[in-house]
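Residues per chain, in single letters:
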Amino acid sequence: MERTLSLIKPDAVSRNLTGAINSRFEQAGLRIIAQKRLRLTTSQAEKFYEIHRERAFYGSFCEYMSSGPIVAQVLGGENAVLRNRELMGATNPANAEIGTIRRDFGESIEHNAVHGSDSLENAAVEIGFFFSELEIIE
């Protein structure tokens, strides 16, 4: 079973979409094997998204990610990384396929409802940022 990180971003949490988004994961055969609601500080967001430090959107995006609560979770299942990325859809909700999370719930490229790991290697690092092994129940 693969693991991947999923973040429900502040825009979706503030619109009370956590249950609707989690339902999509579960209906697609992914299991939520760890979950917590938290609020990142700006410095925590900067550390988590450090890979994007050189990009123009980095500062505003880190501010946004620390602007309200998020839901961090570990999803488990067969091909979890790829499956989650298919469920999320394209980064820009306007370009995402109909029926994807970002198309249905995203408001903009930045406020696109969810984040998901893009590889197994990054999933392991990202999961470790938010969770200890004691918190992950398979």
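This text goes with the structure placed above it.
Residues numbered from 1 in each chain as written. Predicted model: local features only at pLDDT ≥ 70, side-chain atom pairs only at ≥ 80, totals over all residues. Heavy atoms only, no water.

Peer 1: Sorry if this is basic, but what is going on with the packing of aromatic side chains here?
Peer 2: Think of a pair of aromatic rings as described by two things: how far the centres are apart, and how the planes are tilted against each other in angle. Counting across every chain of the model gives seven aromatic pairs. Between F48 and Y49, the ring centres sit 4.8 Å apart and the planes meet at 90°, which makes this aromatic pair edge-to-face. Each member of the pair F48 and Y49 is classed as buried. An angle of 50° between the planes, with centres 5.9 Å apart, marks the rings of F61 and Y64 as tilted. With F61 and Y64 both in helix α4 (residues 58–65) and three residues apart, this pair spans about one turn of that helix. With relative accessibility at 8%, the residue F61 sits in the buried group. The exposure class assigned to Y64 is buried, which follows from its relative accessible area of 7%. Ring-pair connections join several aromatic residues into one group, and the members of that group are F48, Y49, F57, F61, Y64, F129 and F130. Sitting above the plane of the F131 ring, K36 keeps its charged end 4.8 Å from the centroid. (Phe/Tyr/Trp six-rings, centres within 6.5 Å; stacked < 30°, edge-to-face > 60°. Buried < 20%, exposed > 50% of the residue type's maximum accessible area, 1.4 Å probe, protein only. Helix = DSSP H or I, 4+ residues; strand = E, 2+ residues; numbered from the N terminus. Lys NZ or Arg CZ within 6 Å of the ring centre and 35° of its normal.)

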